[in-house]
Amino acid sequence: MTADMSPHKDTDLWLAAIVRSSDDAIIGKTLDGIVTAWNPAAERIFGYREAEMIGQPITRIIPEERMGEETQILERIRQGKVIDHLETVRVTKGGRRIDVLLTSAPIKDAQGRVIGASKIARDITEGKRTAASVHRSEAQTHAIFEAASDAILVVDQSGTIISANRKTEEMFGYTRETLWGQPLEMLLPARLRSRHVDHRAGYFRDPHSRPMGLGLDLLARKSDGTEFPVEISLNYIETEEGRRAFAFVTDITQRRAMERAARQADRLTALGRLSAGIAHEVNNPIGIISSRIEIMLLDAEAQPLPGTVVEDLKVLHRHAQRVARIAHGLLSFARASSIERTTVHLDQVVEETLLLMEKDLGKRGIAVRRSMAANLPPVHGDPNALQQVVMNLLTNAGDALESGGEISISLETGRATAEEGAVRLTVRDTGPGIPPEILPRIFDPFYTTKPDGTGLGLAISYGIVREHRGTIDVESLPGKGTIFILTFPPAGEDAEA
Amino acid sequence: MILARILIVDDEADTVENCTRILRPAGYECLGTAGARRGLDLLESARPDLLLTDLQMPEIDGMALLRRALELDPAPCR
């Protein structure tokens with residue numbers, strides 16, 4: 001340091017340079033709020049030239065509604081206090097409002113008396129705008145998160161749920177408050193939990209985006225214990241608090257049911273073709289066998305045969321007839337023969353069928369309750385074939401009620417059905433129900449649980465209903481009974497097709 | 001006494017025989033064939049009172065036989 005250089009003067013130069021080059025507005029003012037200093041950044045930020053501001057009140061840059069704020073600032077300065085990082089609004093010469101961050105400190109004379117205030121103002125308008133846009137983008141992300149049709153769960157490395165969207169609540173039946181802080185495994189069937197803990201740990205060790213459709217049969221569990229099939233897609237992010245994994249969960253119950261129905265339909269179609277082929281080939285020979293036996297029995301009236309031979313012929317005839325019935329049933333199932341098409345009132349079909357069957361059912365201690373909606377739309381189809389369906393369902397219901405019980409048969413339309421204007425026929429019995437393991441097979445031809453059944457009743461009914469562009473479903477609870485639900489499109493719609 | 005003459009046509013010879021064995025004792029004269037073309041010849045030469053025919057047959061189908069029968073004797077249609 002050179003002796004002739006005044007350290008005081010040097011410091012002034014340095015300070016002046018700093019003030020001039022600052023990006024922040026640096027302003028000096030008296031305790032009355034009169035501007036005494038105004039640097040180039042203040043000119044840039046507020047739009048007033050230095051010459052325009054020196055000697056002028058600082059209130060020129062303060063918006064009307066914030067005048068009180070300035071009084072308070074000056075009051076604190078008088079008391080020797082600092083105002084640190086006050087976020088507020090000022091007005092530029094052009095009248096534009098800008099967001100500023102203020103720091104104001106008292107200026108003291110040699111005796112330590114406060115004689116004015118220094119004020120550093122930073123324009124944070126841009127920053128605020130960025131923050132607002134970040135906020136908007138976050139709000140958007142949140143809205144997407146909430147509106148997603150998948151359940152979205154965020155878990156930390158320990159497998160604790162830290163976030164879940166609205167769909168998660170709907171899908172699993174838990175409120176988010178219940179889920180937060182719980183292990184992810186609570187959403188799995190108990191038997192799969194320990195294995196999942198290993199999977200999860202493995203995922204966090206080597207995370208990767210995993211697409212859906214791994215072909216795994218994944219199961220999830222609702223709050224009421226119901227299990228349902230899901231597809232899960234995994235993703236992860238690194239955050240300040242550590243690695244986070246996202247699970248996107250899709251409930252595929254519906255899709256699985258549709259796949260099952262499509263498989264069932266395919267299988268029955270294939271079986272139908274095969275059956276029709278066989279039936280067609282069997283039909284003629286069995287017709288010839290049957291009538292030839294009848295001729296022999298007729299001939300035996302004129303030229304008596306030994307009694308045992310006549311008995312044998314009767315046995316042959318009985319069984320040939322049975323084969324003929326099966327062949328005929330198979331043809332109905334495959335609907336190889338064309339069916340009649342007319343306008344059918346299902347309530348009439350049901351009434352006519354009940355007329356044939358109700359007496360016999362009554363004798364066996366079975367009550368029949370009917371409930372038919374008024375103004376049912378007609379359906380398009382074959383009344384005889386439809387009567388066969390109703391008869392098959394009533395026969396089965398009756399057979400299920402060995403020791404008596406009740407059959408309810410009902411017809412509905414409108415809001416009761418999924419499809420607009422469709423007619424729904426339900427046949428419910430109070431029998432022992434169908435064991436779940438055989439439920440998927442009941443529409444198969446030749447599948448029967450009756451000692452003398454052909455296993456064709458439901459197969460034929462299925463074929464007829466399908467031929468009418470209808471659906472047939474079964475629900476059964478062992479011990480509670482069985483309900484068959486059939487729907488048929490209304491006649492008008494069918495005619496267009 | 002013969003009640004009527006019946007022509008029986010079916011590509012299944014056993015069916016023809018079945019029908020014949022039922023109808024003949026009942027007093028009908030039966031002409032039968034398992035060949036549809038032969039059936040057409042018999043239709044023209046024997047002029048039966050009744051034609052009993054299978055519909056689906058190789059060579060000629062039953063409907064063609066029926067049309068020919070109507071041409072030969074439109075009476076049933078009047």
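Presented here is a report on the structure given in the accompanying data block. (Residues numbered from 1 in each chain as written. Chains lettered and ligands numbered in written order. Predicted model: local features only at pLDDT ≥ 70, side-chain atom pairs only at ≥ 80, totals over all residues. Heavy atoms only, no water.)

Let's talk about the overall build of chain A
Stage number 1. Within chain A one finds 14 helices and 17 strands.
Stage number 2. Considering only residue pairs separated by 6 or more positions, chain A has 55% of its internal contacts joining residues 24 or more positions apart.
Stage number 3. When the accessible surface of chain A is split by element, carbon and sulfur atoms take 54% of a total near 28,300 Å². (Helix = DSSP H or I, 4+ residues; strand = E, 2+ residues; numbered from the N terminus. Contact = heavy atoms within 4.5 Å. Areas by Shrake-Rupley, 256 points an atom, 1.4 Å probe, with all protein chains shown as cover.)

Comments concerning the packing of aromatic side chains
All names here are of chain A.
Stage number 1. Scanning the model with the defined rule gives six aromatic pairs over all chains in all.
Stage number 2. On the basis of an interplanar angle of 85° and a centroid distance of 6.4 Å, the ring pair of F443 and F484 is categorised as edge-to-face. Here the residue F443 occupies a position in the loop between β15 (423-429) and α13 (457-467), and F484 occupies one in strand β17 (residues 481-488), the gap between them amounting to 41 residues. Grouping residues by exposure puts F443 and F484 together as buried.
Stage number 3. Members of the aromatic cluster, joined through ring pairs, are F443, Y462 and F484. (Phe/Tyr/Trp six-rings, centres within 6.5 Å; stacked < 30°, edge-to-face > 60°. Buried < 20%, exposed > 50% of the residue type's maximum accessible area, 1.4 Å probe, protein only.)

Structural notes on the interface of chain A and chain B
Stage number 1. Each partner contributes to the interface: chain A provides seven residues, whereas chain B provides eight residues.
Stage number 2. Of all residues in chain A, the largest losses of buried area upon contact with chain B belong to I288, R292 and I295 of chain A, amounting jointly to 71% of the total for that side.
Stage number 3. At the boundary of chain A and chain B, one finds two salt bridges.
Stage number 4. Here D299 of chain A and R21 of chain B are joined by a salt bridge, their closest N and O atoms 3.0 Å apart.
Stage number 5. At the junction of chain A with chain B, the criterion picks out five residue pairs in polar contact (both at pLDDT 80 or more).
Stage number 6. Counted by class, the side of chain A that touches chain B contains two nonpolar, three polar and two charged residues. (Buried area = accessible area lost by both parts, 1.4 Å probe. Salt bridge = Lys/Arg side-chain N within 4 Å of Asp/Glu carboxyl O. Polar contact = N/O pair within 3.5 Å; in protein donor to acceptor, adjacent residues only side chain to side chain. Nonpolar A, V, L, I, M, F, W, Y, C, P; charged D, E, K, R; others polar.)

Regarding helix α8 (residues 193-205) of chain A
Residues and elements named next belong to chain A.
Stage number 1. Between the first and last C-alpha of α8 there are 19 Å, a value that for 13 residues agrees with the 18 Å anticipated at 1.5 Å per step.
Stage number 2. Within α8, burial applies to R200, Y203 and F204. Looking down the long axis of α8, one finds its buried residues gathered within 90° of arc, a one-sided arrangement. Residues of α8 that are exposed and point more than 90 degrees away from the buried face comprise S194, R195, D198, H199 and R205. (Expected span 1.5 Å × (residues − 1). Arc of directions from axis to C-beta.)

Side note on the packing of helix α9 (residues 253-302) of chain A against helix α1 (residues 13-23) of chain B
Two packed helices can be described by the angle between their axes and the distance between those axes.
Stage number 1. α1 of chain B packs onto α9 of chain A with a crossing angle of 25° between their chain directions and a minimal axis gap of 10 Å. For the element pair α9 of chain A / α1 of chain B, the angle class is roughly parallel. Between α9 of chain A and α1 of chain B the crossing geometry is left-handed. Across the interface between the two elements, I288, S291, R292, I295 and D299 of chain A from α9 of chain A touch D14, T15, E17, N18, R21 and I22 of chain B from α1 of chain B.
Stage number 2. Looking at the contact of α9 of chain A with α1 of chain B residue by residue, the class counts come to three nonpolar, three polar and five charged. (Axes fitted to C-alpha atoms, helices over the stretch in contact; angles between N-to-C directions. Parallel < 35°, antiparallel > 145°, perpendicular 65-115°, else oblique. Left-handed = near helix turned anticlockwise from the far one by under 90°.)

Things to note about the state of the cysteines
A disulfide bridge is the covalent bond that connects two cysteines by way of their sulfur atoms.
Residues and elements named next belong to chain B.
Stage number 1. Within the structure shown, the criterion is met by zero disulfides over all chains.
Stage number 2. Residue C19 stays outside any disulfide, its sulfur separated by 8.3 Å from that of C30, the closest cysteine.
Stage number 3. The class for C19 is partly exposed, based on a relative accessible area of 22%.
Stage number 4. You can call C30 buried: its relative accessible area is 9%. (Disulfide = S-S within 2.5 Å.)

Side note on unusual backbone geometry
Residues and elements named next belong to chain A.
Stage number 1. Positive phi is not limited to glycine here, since N375 has a value of about 55°.
Stage number 2. A residue is classified by how much of its surface remains accessible, and N375, at 75% relative accessible area, is exposed.
Stage number 3. The phi dihedral of R469 is positive, around 55°, even though this residue is not glycine.

Considerations on the sheet that holds strand β1 (residues 5-9) of chain B
Residues and elements named next belong to chain B.
Stage number 1. With parallel pairing, the three strands of this open sheet are ordered in space as β2-β1-β3. Single-partner strands in this sheet number two, and they are β2 (29-33) and β3 (50-53). On average, each strand axis in the sheet is tilted by 20° relative to the strand beside it, whichever way the strands run.
Stage number 2. Here β1 runs beside β2; their pairing, made up of five bridges, is parallel. Residue pairing across strands places I8 opposite G32, the latter belonging to β2.
Stage number 3. Those strands touched by α1 are β1, β2 and β3, and its axis lies near 160° from that of β1.
Stage number 4. Sitting on the sheet, helix α2 (residues 36-46) touches β1, β2 and β3, and the angle it makes with β1 is about 165°. (Pairing = 2+ DSSP bridges.)

Focus on the pairing of strand β3 (residues 83-91) of chain A
All names here are of chain A.
Stage number 1. Pairing between β3 and strand β4 (residues 97-108): seven bridges, direction antiparallel. Residue pairing across strands places R90 opposite I98, the latter belonging to β4.
Stage number 2. Between β3 and β4, which pair antiparallel and follow one another directly, the connecting turn spans five residues, one of which, G95, has a positive phi of 90°.

A closer look at the environment of R193 of chain A
Residues and elements named next belong to chain A.
Stage number 1. Among the structural elements, R193 can be located in helix α8.
Stage number 2. Assessed through its relative accessible area of 27%, R193 is described here as partly exposed.
Stage number 3. Filtering out sequence-adjacent residues up to four positions away, R193 remains in contact with E185, M186, L188 and R221.

A short note on the side chain of T20 of chain B
Residues and elements named next belong to chain B.
Stage number 1. Position of T20 among the secondary structure elements: in helix α1.
Stage number 2. What makes T20 buried here is its relative accessible area of 11%.
Stage number 3. Only 2.7 Å separates the side chain of T20 from the backbone oxygen of V16, close enough to count as a polar contact.
Stage number 4. If sequence neighbours within four positions are ignored, T20 has contacts with I8, P25 and C30.

Concerning the environment of L102 of chain A
All names here are of chain A.
Stage number 1. For L102, the location among the structural elements is in strand β4.
Stage number 2. It is 7.3 Å that separates the C-alpha atoms of L102 and T88, two residues lying 14 residues apart in sequence.
Stage number 3. Ignoring any residue separated from it by four or fewer positions in sequence, one finds L102 in contact with I73, I83, D84, H85, L86, T88, R90, K119, I120 and A121.

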